[in-house]
Amino acid sequence: NQRLGNDLGTNGKPLEAIHYCTAALALQPRSPGAYLNRSIKYEASENLAQALADINQAIDLAPRYAIAWRVKGRLLQKLNHLDAAEAALRQALILNPRDTSARFLLAAQLQTAGRHRDAEVELRQAVALDRKDAMAHYNLGNALLRQKNLDDAIACYRKAIEFDSTCAQAHCNLGYAL
């Protein structure tokens, strides 16, 4: 049931996927992974309150479940609970410092709050984790551009294009920064 729920959710049928994830939870009610998966399906169906309830259940069952903390941070961002979102994302990074997705989410929130230097720190860590990640370079370039550090932003956009020549955003922002 869980696999079918995941497949349906991936295929754009989140309500049907929720049904199968719920069936999986009836069989394994203490499965943090099943709660996480159903949370993601609820998020896809835009039922953020239920998504948050499920992700909290996953965390209650497995407090060191880094991915669940990342999902919680993303949900809290969507609900505009930004302080709690930042705390959840930081917890995800404590549990898994190599989680670049959590770093990107945290950096985006920090940039929105005008904390560009803090965002830069997170993005430099993302680049350090995977020097060939085009999106890490692109996002770092954006943080540097917001700080008016044009030379370093240009270098980041060029790196992003080097690693993914199809990254249209990097091409556009390089043109803007030049």
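Coordinates for the structure precede this section.
These remarks concern the structure in this document. What you see is a predicted model, and the numbers here were worked out from it, not measured in a lab.

Points about the side chain of N173
Turning to step 1, where the next piece is worked out: Relative to the helices and strands, N173 is located in helix α11 (residues 168-177).
Turning to step 2, where the next piece is worked out: On the basis of relative accessibility, which here comes to 18%, the residue N173 falls in the buried class.
Turning to step 3, where the next piece is worked out: Separated by 3.4 Å, the side chains of N173 and Y157 make a polar contact.
Turning to step 4, where the next piece is worked out: Among residues more than four places away in sequence, those in contact with N173 are Y138, N142 and Y157.

Things to note about the pattern of salt bridges
Turning to step 1, where the next piece is worked out: Taken as a whole and judged by the stated rule, the model has 12 salt bridges.
Turning to step 2, where the next piece is worked out: A salt bridge links R70 to D99; its shortest N-O distance comes to 2.8 Å. Remark: D99 occurs in the loop between α6 (82-95) and α7 (100-112) and R70 occurs in helix α5 (residues 66-78); sequence separation between them is 29 residues. Each member of the pair, R70 together with D99, is buried.
Turning to step 3, where the next piece is worked out: Measuring nitrogen to oxygen at the nearest pair gives 3.2 Å for the salt bridge that ties E120 to R117. Note that E120 and R117 are positioned in helix α8 (residues 116-129) at a spacing of three residues, about one turn of the helix.
Turning to step 4, where the next piece is worked out: Relative accessible area serves as the criterion here: at 7%, E120 is assigned to the buried category.
Turning to step 5, where the next piece is worked out: Taking the relative accessible area as the measure of exposure, R117 reaches 48% and is therefore partly exposed.

Examining the side chain of E122
Turning to step 1, where the next piece is worked out: Along the chain, E122 turns up in helix α8.
Turning to step 2, where the next piece is worked out: Leave out the neighbours within four places in its chain, and E122 touches R90, L93, R103, L106, A107 and L110.

Some remarks on the environment of L25
Turning to step 1, where the next piece is worked out: Here L25 is to be found in helix α2 (residues 14-27).
Turning to step 2, where the next piece is worked out: L25 gets classed as buried once you look at its relative accessible area, which sits at 6%.
Turning to step 3, where the next piece is worked out: With near-sequence residues (within four places) excluded, L25 lies in contact with S31, A34, Y35 and R38.

Let's talk about the packing of aromatic side chains
Turning to step 1, where the next piece is worked out: For the structure shown, the criterion picks out one aromatic pair.
Turning to step 2, where the next piece is worked out: Aromatic side chains Y138 and Y157 sit 6.1 Å apart centroid to centroid with 45° between the ring planes, which places their arrangement in the tilted category. Of this pair, Y138 sits in helix α9 (residues 134-146) while Y157 sits in helix α10 (residues 150-163), and the two are 19 residues apart along the sequence. There is no split in this pair, since Y138 and Y157 are both buried.

Structural notes on the packing of α7 against α8
Turning to step 1, where the next piece is worked out: Packing of α7 against α8 brings their axes to within 8 Å, and their N-to-C directions diverge by 160°. When the interaxial angle is binned, α7 and α8 end up roughly antiparallel. Crossing hand, α7 versus α8: left-handed. Across from T100, R103, F104, L106, A107, L110 and Q111 in α7, the residues of α8 making contact are H116, D118, A119, E122, L123, Q125, A126 and L129.
Turning to step 2, where the next piece is worked out: Here the contact of α7 with α8 is built from residues that sort into eight nonpolar, four polar and three charged.

Focus: α11
Turning to step 1, where the next piece is worked out: By the burial criterion, the buried members of α11 are A170, N173, L174 and A177. Along α11, the residues classed as buried sweep out an arc of 105° about the axis, all on the same side. Of the exposed residues in α11, those oriented more than 90 degrees away from the buried face are C172 and Y176.
Turning to step 2, where the next piece is worked out: Of the surrounding elements, those touching the buried residues of α11 are α9 and α10.

So, the nonpolar core
Note that soluble globular proteins tend to have their nonpolar side chains buried in a common cluster.
Turning to step 1, where the next piece is worked out: I55, A68, W69, L75, L140, Y157 and A170 are the most contacted members of the largest nonpolar core, which totals 50 residues.
Turning to step 2, where the next piece is worked out: Discounting residues that sit within four places of it in the chain, L75 has contacts with S39, E43, L48, A51, L52 and I55.

The rules behind the values
- Each chain has its residues counted from 1, following the order in which its sequence is written.
- Residue-level local features of this predicted model are given only where pLDDT is at least 70; pairs of side-chain atoms are given and counted only at 80 or more, and the full residue set underlies all totals for whole chains, interfaces and linings.
- Each side-chain value is worked out from all heavy atoms of the structure, with water and hydrogens disregarded.
- Only runs of H or I of at least four residues qualify as helices and only runs of E of at least two qualify as strands under DSSP, and these elements are numbered from the N terminus.
- Categorising residues by exposure relies on relative accessible area from a 1.4 Å probe, with only protein chains included: less than 20% of the type maximum marks a residue as buried, more than 50% marks it as exposed, and the intermediate range marks it as partly exposed.
- Polar contacts, as used here, are pairs of N or O atoms within 3.5 Å; protein pairs need one atom able to donate a hydrogen and one able to accept it. Residues neighboring in sequence count only if both atoms are side-chain atoms.
- Should any heavy atoms of two residues lie within 4.5 Å, those residues are counted as being in contact.
- The term salt bridge refers to a pairing of a side-chain nitrogen on Lys or Arg with a carboxyl oxygen on Asp or Glu at a separation within 4 Å.
- Two aromatic rings, drawn from Phe, Tyr or Trp (for Trp, its six-membered ring), form a pair once their centres lie within 6.5 Å of each other, and the interplanar angle then sorts them: stacked below 30 degrees, edge-to-face above 60, tilted otherwise.
- The axes are straight lines fitted to the C-alpha atoms, using for helices just the contacting stretch, and the angles between their N-to-C directions are given from 0 to 180°.
- Put simply, angles under 35 degrees are roughly parallel, angles over 145 are roughly antiparallel, angles from 65 to 115 are roughly perpendicular, and the rest are oblique.
- A crossing counts as left-handed when the near helix is turned anticlockwise from the far one by less than a right angle, and as right-handed when that turn is clockwise.
- Classification used: nonpolar for Ala, Val, Leu, Ile, Met, Phe, Trp, Tyr, Cys and Pro, charged for Asp, Glu, Lys and Arg, polar for all others including Gly.
- By arc we mean the arc of the directions from the helix axis to the C-beta atoms, nothing more.
- Only buried residues count toward a nonpolar core. Its members are Ala, Val, Leu, Ile, Met, Phe, Trp, Tyr and Cys residues joined through side-chain atoms within 4.5 Å.

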